[in-house]
Structures are given as C-alpha cells and as structure tokens.
Amino acid sequence: MKDLKHLYYFEKLLEDSYNDLARVAKDEGRHAIGHVCFQIPEPLLNLPGCFSVRLRAPRTGSIEMGTYYMSSTLCEACRAFLERALEGGFNFLDCIIAPDACAQMNRCVENIEHLKTNPNPDFFVTYSDVPMKSDETALKHYVKQMRIHVLEPLHEKLGVDISDEALRAAVEQQNKVSELLTAIGDYRKCDNPVITGYEFAVLCLASYCSPKDMIIDKLQDTLEELKTREPDEKNKYRIRVVMVGSEIDDPEFIRLAEECGALVVADRYCFGSLPGRQVIELNDDEDVLTQICRTYLQWGKCPRFFNQEKIMERREYVDYLAKEYKADGLIYEQIKFCDYWGYERAAAFHIMEEEYGYPVLSVDRPYSVRSSGQLRTRIQAFVERVEHKQLINNRNEGGAN
C-alpha cells in the first residue's frame, strides 16, 4: 500500500518523550501533566492550560541505573522509566499523577520524586488509591480520590480550572480524538484492511503522549485518506490476531508480529484503543466527575480488578473482539516481571484456547523488543500452527460436505 501521508510525522512524535508538539505546548505556557496508568482518567489531565503525557521511554538502551535503584526482578518498563527520568528525559513535566494501581510503578514514581530527578522547584507528585472493583461503593471512593488527589492539587498548585465546564470541554476534546481513532480502527475489520496494525498503533500511541488538540487535523486527514486508499492486491498477511496484555508503548512489537505474517487487527493492551478510545457519554443530570469515573471503571480491563465479574468480563471482551475483527488467534503478552499480567496471561493461555477455542500464543517479553530473534521465532511458529489448524479444519469441513 502507498504510505500514509502523515505516518512519518506521527512516528517522529514517538521518538522522544518531549516531542515537538509537547515543546510547542510548553512554549505556549501550558502545563505538562505526566501520568503512568489508565486508572487516572485522561480528561482530568487535559483541562484548560494542561496536556497529558503518558510516561514511556522510547529508544531505551541500558537500564542499569533504573535497575540499581529498583531491582532486576521488577518490571522492565518501570526500570526504563526511572532510567529516563535520571537522564533528564522528563524534566519538562510539571507534575506526575500516579495511582496506587501497581506497586512496581509506584516504586518507580517514588524514586523519580525522592531522587529529585526533576530540577523544577515546583514539580510535584500525587498518589491516589484506585478501586479494585467496579461497583457503586468503589465508584464513590474513586470519585473522592480523583477530586482530592488529582483535581484539587492541579487547581491549588497550578491554578487549573477544575469546574464542570472545564471537565466537559476536556471530555469533548478527547471525544473528537476517540471518534477519529475509532473510525480509523474500524478499517481493520475489513477482509483486506487498508491500514495495518503497526500504522494504527503509531496513531493511537501518539494520542497518549501529545497534546490532543494538536493532532486532530492530521487524524482527520488520515481518516479521509483511508476512504480512498487502495489495499494490496493480495493480502500479504497469513493470519489475523488480537494482541492482548500489558502496555505496549513501542509499536515496533506490533511491526515485528506483522513481519512474521500476523496482522494485528485489535489492540486490547495498555496504550491501545480497546478500550480507552471510545466516546465518553455525558448527561446533564449527574456530576461530571462521577460520570467520567464511572466510564473509566466500566472500561477498565486491567487484571488488577480481582472480582469474578471483571475476570469474566475480560475474557468475554477478548472473545467479542476476536469475533468482531475476524481474528484467527490471540497473542497474550506481558512485559517481564509484570505481576498482574503474569497471572492473567498464564490463565488465559489455557482458558481462551480450551474454553473459547482460540489458538493462543503466550509471550513474556522484554520492554525493548527491537532485536529479539527469540520473539520473532516464536511468533513465526505460532503463525504456522494457526495455519496448520486452519488447513485441518478446512479439510474436515470438506470431508463432512
């Protein structure tokens, strides 16, 4: 297919945490709000005069310093983020908003704070307790935590407008981005899609680490471009997969899978669009903050939710995506030493194959996968296994007929 007009532009945005758009926003006097988890609703961080930046460590090499201050048995992403902070890569941030969602990530942010990696004297960090269930009691607690540990600090320390009108404006802005990404992502449902999983991952990831208002025009251009983009005459991919798991903040992993013949048609991972890039519906009858928090609790598919209802919901959601996007198999991945996705991946490997009937590849991967020959070999073997299963099924169906 012909290259997307703005793909290189979006790829460049992903090469540096402090990308060109973030620099423009800072020059305009906006506050850069760092965050580390889906559990902090993005609209709360994109209020007037602010823009959110999801922490990531592009082009990571050594993580020796991060390992020194943490441990070689903790999540590689957390160590990479601390390494980048020690290098000065997050010095542009005015604060970091962190939830008590993952002990390892909390330890990373605590090190960033206590080692005084950010020279800004007004830099601050907040922590909030987020629920592990999604009932109404949990919602009330969630709303209180977001008000006390997110909105009020932003207002008191940075002078941010936290009114209902400001929250509605932030939701409206995010909804514009979400509508465009959803429309773009829907093209992945086609039998021969006009957008690859890698291309979509680049666009979606940029929406997590750039001022949202500054990418709307190029997302709109891309959507218009896809309407007339001609797919390759012959689909070069051998199977279609849903990618499920912990955060993927480097689209190179998606590119690697697709180079092996596995087209990634749905992104059910942290930093993906399913869920997270759907429209937030607001009404006029209820407090805006409560509505935002309820939406994020309903969206939440992180395995930190331990209640049985959420466990079943995660499995059913992956099953729904596989059917909706016509997937032939599932790839469950986790960054090395991720506690939550460690047990979720181990269980799903058996349950999604034995109870739901999908071929499943279970991957424990390093944070940086650019030169991983082992991963490439495993994905190639998975593609061949799925193809073999399809041949047997087709043969059996032919014999029955």
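Please refer to the structure placed before this passage.
Read on for a plain summary of the structure. Not measured: the values here are computed from a predicted model.

**Looking at the overall build of the protein**
Item 1. If you tally the helices and strands in the protein, you get 14 helices and eight strands.
Item 2. Over its C-alpha trace the protein gives a radius of gyration of 21 Å, about what one expects of a compact globule, namely 21 Å for 401 residues.
Item 3. Across its three principal directions, the C-alpha atoms of the protein cover 70 × 45 × 40 Å.
Item 4. Residue burial in the protein is summarised as follows: out of 401 residues, 57% are buried.
Item 5. Here the analysis covers contacts within the protein between residues at least 6 apart in sequence; of these, 75% occur between residues at least 24 apart.

**A few points about the sheet that holds strand E8 (residues 360-365)**
Item 1. Pairing within the open sheet is parallel, and its four strands lie in the order E6-E5-E7-E8. Unpaired on one side and paired on the other, strand E6 (262-269) and E8 mark the two borders of the sheet. For this sheet the average axis-to-axis angle between neighbouring strands, irrespective of direction, equals 25°.
Item 2. Here six bridges tie strand E7 (residues 329-335) to E8, and the two strands are oriented parallel to one another. Within E8, the residue paired with Glu333 across the bridge is Val363.
Item 3. Relative to E7, helix H13 (residues 339-354) is tilted by about 165°, and along the sheet it contacts strand E5 (239-245), E6, E7 and E8.

**Thoughts on the pattern of salt bridges**
Item 1. Tallied over the full model, the rule gives 27 salt bridges.
Item 2. Salt-bridge contacts for Lys189 lead to Glu324; the nearest nitrogen and oxygen are separated by 2.9 Å. Separated by 135 residues along the polypeptide, Lys189 in the loop between helix H7 (164-185) and helix H8 (197-209) and Glu324 in helix H12 (residues 308-324) bring together distant segments of the chain.
Item 3. A salt bridge links Glu313 to Lys310; the nearest nitrogen and oxygen atoms lie 3.1 Å apart. Linking Glu313 with Lys310, this pair stays in helix H12, spanning three residues, or about one helical turn.
Item 4. The exposure class assigned to Glu313 is partly exposed, which follows from its relative accessible area of 24%.
Item 5. Accessibility expressed as a relative area gives 1% for Lys310, which makes it buried.
Item 6. Put simply, Glu28, Arg30 and Asp213 are held in one network by salt bridges that share partners.

**A word on the sheet that holds strand E2 (residues 50-54)**
Item 1. If you trace the four strands from one edge of the open sheet to the other, you get E2-E1-E3-E4, paired in parallel fashion. With one partner strand each, in any of the chains shown, E2 and strand E4 (124-128) form the two edges of the open sheet. Between one strand axis and the next, the sheet turns through 25° on average, direction left out of account.
Item 2. Where strand E1 (residues 31-35) lies against E2, five bridges are found, and the strand directions are parallel. When the bridges of E2 are listed, His31 appears paired with Cys50.
Item 3. Along the sheet face, helix H5 (residues 103-114) touches strand E3 (95-99) and E4 and points at about 155° away from the line of E4.

**Here's the deal with the packing of H7 against H8**
For any two helices packed against each other, one specifies the inter-axial angle together with the distance between the axes.
Item 1. Between H7 and H8, the shortest axis-to-axis distance is 11 Å and the interhelical angle comes to 170°. As far as their axial angle goes, H8 and H7 are roughly antiparallel. Touching Val177, Leu181, Ile184 and Gly185 of H7 are Phe200, Leu203, Cys204 and Ser207, all from H8.
Item 2. For the contact of H7 with H8, the class distribution of residues is six nonpolar, two polar and no charged.

Quick notes on the rules
Residues numbered from 1 in each chain as written. Predicted model: local features only at pLDDT ≥ 70, side-chain atom pairs only at ≥ 80, totals over all residues. Heavy atoms only, no water. Helix = DSSP H or I, 4+ residues; strand = E, 2+ residues; numbered from the N terminus. Rg over C-alpha atoms; globule rule 2.2 N^0.38 Å. Buried < 20%, exposed > 50% of the residue type's maximum accessible area, 1.4 Å probe, protein only. Contact = heavy atoms within 4.5 Å. Pairing = 2+ DSSP bridges. Axes fitted to C-alpha atoms, helices over the stretch in contact; angles between N-to-C directions. Salt bridge = Lys/Arg side-chain N within 4 Å of Asp/Glu carboxyl O. Parallel < 35°, antiparallel > 145°, perpendicular 65-115°, else oblique. Nonpolar A, V, L, I, M, F, W, Y, C, P; charged D, E, K, R; others polar.

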